[in-house]
Amino acid sequence: MAARYKLRCSLAGHQKDVRAVASGLLPEGSILSGSRDVTARVWVPNETDEGFQEGLVMSGHTNFISAICYMPPDGTYSHGLILTGSNDSTILAYTLDSPEPIYKLSGHSNTVCSLASGKFGTLLSGSWDKTAKVWLNKKCVMTLEGHESAVWAVAILPEQGYMLTGSADKTIKVWKAGKCEKTLRGHEDCVRGLAVLKKPEFLSCSNDATIRHWSITGDCIGVYYGHENFVYSISVLPNGEDFVSSGEDRTVRVWQGGKVTQTIAHPSMSVWSVCVLPNGDIASGSSDGIIRVFTTHSEKVASPDQLTAFEAEVASAEVPTQIGEIQKRDLPGPEALLNPGNKDGQTKMVKTGDKVEIYHWEAAQTKWTKIGDVVGSSGGSQKSSGKTLYEGKEYDYVFSVDIEEGKPPLKLPYNKSEDPWFAAQRFLEKNNLSQLFLDQVANFITENSGGSGMTIDQTAPQVSDPFTGGGRYIPGAPTIGGKQNSQQSQPVSYGADPFTGSGSYQPASATQSSGVTNQYFPQKSYVTFDASNSAAIIGKLKELNSTKVEKGCQVEVEKLEALSDLIQGKPANADQLTTMMKILSWPHEAVFPGLDVLRIAIKDPFMSERLCTSVHFVDSRLMYLTKTNTPNNQMLTLRTLCNMFKQHFGETLAMQNRDKIITAALECRLSPNKNVQIALATLLLNYSVFLQDKLDEEAKSQCLLAMASVLENDIDSEAMFRLLVCLGTLIKTDETAQALARSIDIRNLVEPLLAKLEPAKVPGCAAFILELL
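Residues numbered from 1 in each chain as written. Predicted model: local features only at pLDDT ≥ 70, side-chain atom pairs only at ≥ 80, totals over all residues. Heavy atoms only, no water.

Asker: Would you mind showing me how to read the sheet that holds strand β27 (residues 282-286) here?
Answerer: Paired through backbone hydrogen bonds, the strands of a sheet run either parallel or antiparallel to each other. In spatial order, the strands read β1-β28-β27-β26; together these four strands make up an open sheet with antiparallel pairing. The sheet is open, and its two edges are formed by β1 (6-12) and β26 (271-276), each paired on a single side. Looking at each pair of strands side by side, their axes are set apart by 20 degrees on average, direction ignored. (Pairing = 2+ DSSP bridges. Helix = DSSP H or I, 4+ residues; strand = E, 2+ residues; numbered from the N terminus. Axes fitted to C-alpha atoms, helices over the stretch in contact; angles between N-to-C directions.)

Next comes the structure, spelled out in structure tokens:
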């Protein structure tokens with residue numbers, strides 16, 4: 001029996017998902033990686049132990065890296081090249097001598113998601129633009145057209161002169177000299193990966209959870225089953241016949257003779273990529289940002305402590321398996337693990353005390369290994385579980401939160417296994433509270449979930465720091481009893497945001513089921529950001545006016561105070577306009593309360609006409625959207641652009657400068673700040689509201705592409721929802737827009753959202769969109 005793979009080492013360095021890994025020939029045994037953090041890295045094996053060290057960090061892309069490959073040395077580049085494909089639609093080339101690219105390949109019109117190198121410096125790239133391109137000597141020498149959807153996978157059979165492309169249209173095409181010779185059908189979903197075997201044969205993996213074995217003549221030699229979810233990546237072992245694969249089921253699987261011989265569970269939900277090193281070791285890239293290397297060489301295996309720690313990490317991972325109608329009491333106990341499994345990787349849920357654990361069968365070692373705790377199971381009683389029952393479900397905590405004086409406190413249930421932000425989102429939606437309270441509620445949960453069974457009031461800690469404390473001014477934040485983060489339990493003052501406020505748009509049902517009416521889209525009215533706190537804004541203006549602003553730019557206190565009426569929604573006047581414009585000339589680090597005033601003022605008819613007829617108004621706003629600006633400045637500028645749509649002059653200006661505004665706004669698409677994400681999504685939503693009944697294909701195309709470029713990132717659920725409503729609004733009654741959405745594979749971005757548990761409106765809206773696609 002072949003040796004088993006064991007952990008060799010874990011490589012931490014990337015800040016986000018590792019989307020691509022590849023073997024690098026030089027330095028020998030090196031690993032290449034590309035990530036959502038917009039960097040690529042070279043990992044060099046250590047000489048003194050089994051680990052690797054970070055040899056080179058490469059930058060230059062403006063969006064996350066989707067693909068990476070190594071180009072062998074030639075007469076020009078003696079150490080070869082590293083090539084990366086990105087969601088910025090470009091390919092960059094690097095040498096091992098510099099972290100900056102030596103050249104860029106431009107030609108694709110959408111994400112470059114796959115790369116393969118061939119002989120004589122040939123490069124093959126696949127893209128979401130539905131094409132593959134052949135590059136030689138820094139030029140595109142051939143474009144392979146014919147797929148109906150994104151080209152997710154490419155491969156080269158150099159000896160036979162064939163090129164392969166796999167697509168979201170479920171087909172594989174075989175090309176020779178730029179001509180499609182065969183179209184292979186068999187997969188039932190998107191083809192995600194291709195790998196060439198020693199013979200003139202190859203493998204393909206797919207979102208249909210299968211792997212297929214093909215001959216170059218087009219015959220399907222075999223179909224291999226083993227994964228339980230999407231299969232993202234596949235790589236061939238050194239013998240040229242066996243292979244490894246990775247997927248959405250948290251595993252890397254080793255295949256020999258067409259059967260799974262080992263299943264390597266990971267403590268992350270998605271194993272995006274896997275590659276085989278020349279010595280037969282395996283490297284995987286995962287959604288937790290870690291690269292893991294596994295080996296069959298006993299001298300390279302991690303220490304016993306490291307192995308134990310990895311096994312514990314896998315065992316403690318939370319697996320979001322939905323038990324559905326199965327009751328905890330109906331599940332077998334640990335005694336079920338006495339019976340052997342039927343195949344390697346088979347999973348089984350068992351009840352252990354009050355927990356439901358998930359195990360998989362390791363055939364070679366003839367044992368069940370725990371790979372995580374199932375999230376979401378319920379059952380038992382409060383007495384037996386030690387938990388608190390609320391609405392028939394068990395929770396570790398059920399907080400009592402006083403929101404409005406004289407009314408019963410609201411119940412806030414929370415389990416330790418939950419993300420505090422998910423629990424907070426559920427609480428806000430259930431009680432129709434403003435989305436602007438999300439961070440406050442989540443932080444409340446985090447700070448107060450240390451004790452057991454406590455019921456507490458909604459009180460904030462006593463902090464005096466005006467920049468970070470509980471009483472600080474938060475730009476654009478709502479108020480509680482007229483004071484932000486008030487120490488008293490006061491009535492909540494809601495903003496007028498129709499998505500989150502007390503007067504918000506509330507669909508009758510947030511889940512998709514037969515007979516349910518779509519109340520999510522099309523959105524007919526613009527979404528604006530209306531909540532304000534006059535006292536806090538004026539207070540911050542006074543503070544910065546005296547501490548951060550040079551004397552020549554300072555504003556008289558009386559004039560600052562005169563802005564209070566404007567902030568409270570009273571009609572604006574010329575004096576207030578003059579004062580506000582002077583504040584907007586303050587340094588970037590001090591201007592944010594002025595931007596907050598502008599956000600509110602732009603909705604006033606007088607202010608809108610004066611500001612939105614100014615030649616330089618848009619350019620003076622967009623300068624705050626650069627990546628070097630603060631999240632507050634970015635957020636408030638995006639909110640101002642959203643609020644521009646409120647008045648005719650602002651709406652006209654927004655449409656006249658659509659291309660410029662959307663392009664600048666997308667500079668913020670990778671921001672980790674939730675408020676920036678929501679504001680950006682709302683801006684695109686407002687454009688969709690204007691465009692929905694217009695015959696402007698170019699504008700709708702830009703809006704759809706912009707929406708997709710934001711939705712493909714790891715974003716806040718409320719931003720996600722608004723982007724879905726934007727999409728639905730654009731395509732609901734427009735068949736041309738629907739066709740465009742299909743052509744850029746929007747479906748692949750929307751389908752995974754059906755699995756989201758919280759908030760329910762995300763999968764609900766996604767389901768209606770998929771009906772149109």
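That covers the picture; the talk isn't over yet.
Asker: I tried to follow the pairing of strand β3 (residues 30-35) on my own but got confused; where do I start?
Answerer: Side-chain positions along a regular strand alternate between the two faces of the sheet. Within β3, six of the six residues are buried, which leaves it mostly tucked inside the rest of the structure. The alternating pattern of β3 places Ser30, Leu32 and Gly34 and Ile31, Ser33 and Ser35 on opposite faces, both of which are buried. Of the strand pairs in this sheet, strand β2 (residues 18-24) and β3 are connected by six bridges, and their pairing is antiparallel. Its bridge partner being in β3, valine 21 is matched across the sheet by serine 33. Linking β2 back to β3 in an antiparallel pair, the connection comprises five residues, with glycine 29 at a positive phi of about 80 degrees. Summarising the sheet, β3 and strand β4 (residues 40-45) pair through four bridges and their orientation is antiparallel. Note that in β4 the partner of glycine 34 across the bridge is alanine 40. (Buried < 20%, exposed > 50% of the residue type's maximum accessible area, 1.4 Å probe, protein only.)

Asker: It is not clear to me how the side chain of serine 608 should be interpreted in this structure. Could you clarify?
Answerer: Note that serine 608 resides in helix α10 (residues 605-612). Among all residues touching serine 608, those that are not within four sequence positions of it are Ile602, Thr613, Gln647, Phe649 and Gly650. (Contact = heavy atoms within 4.5 Å.)

Asker: Looking at this structure, I do not really get the packing of helix α8 (residues 574-583) against α10. What am I missing?
Answerer: Two numbers describe a pair of packed helices, the interaxial angle and the distance between the axes. Where α8 contacts α10, the axes come no closer than 11 Å and their chain directions differ by 50 degrees. Between α8 and α10, the interaxial angle falls into the category oblique. Relative to α10, α8 is oriented so that their crossing is right-handed. From α8, Ala574, Gln576, Leu577, Met580 and Met581 reach across to α10, where they touch Phe606, Met607, Arg610 and Leu611. Across the contact of α8 with α10, the residue classes tally to seven nonpolar, one polar and one charged. (Parallel < 35°, antiparallel > 145°, perpendicular 65-115°, else oblique. Left-handed = near helix turned anticlockwise from the far one by under 90°. Nonpolar A, V, L, I, M, F, W, Y, C, P; charged D, E, K, R; others polar.)

Asker: Is there a simple way to think about helix α16 (residues 697-711) in this case?
Answerer: One turn of an α-helix holds 3.6 residues; hence residues three or four places apart share an orientation. Taking 1.5 Å of rise per residue, 15 residues should cover 21 Å, and α16 covers 21 Å from first to last C-alpha, within 8% of that figure. Of all the 15 residues making up α16, twelve are buried; the element is thus mostly covered by neighbouring parts of the structure. In the core, the buried residues of α16 are packed alongside α14 (658-665), α15 (674-691), α17 (717-731), α18 (735-743) and α19 (746-750). (Expected span 1.5 Å × (residues − 1).)

Asker: I would appreciate a short explanation of helix α12 (residues 631-644) in the present structure.
Answerer: For α12, spanning 14 residues, the distance from its first C-alpha to its last is 20 Å, which sits close to the expected 20 Å at 1.5 Å a residue. With twelve of 14 residues buried, α12 is to be regarded as a mostly interior element. Of the surrounding elements, those touching the buried residues of α12 are α9 (592-601), α10, α11 (617-622), α13 (648-656), α14 and α15.

Asker: Hey, could you run me through the confidence of the model for the protein in this one?
Answerer: Across the protein, the average pLDDT comes to 83, with 84% of residues at 70 or higher. In the predicted structure, residues 321-326 sits below a pLDDT of 50 and forms twelve contacts with residues beyond four places in sequence or in another chain. Of the regions scoring below 50 in pLDDT, residues 451-472 engages in 45 contacts with residues more than four places distant in sequence or in other chains. (pLDDT = per-residue confidence, 0-100.)

Asker: Even after reading the chapter, I still don't get the sheet that holds β3, so can you show me in this structure?
Answerer: Ordered in space as β2-β3-β4-β5, the four strands form an open sheet in which the pairing is antiparallel. The open sheet has two edge strands with one neighbour each: β2 and β5 (52-58). Going across the sheet, the axis of each strand differs from the next one's by a mean of 25 degrees, ignoring polarity.

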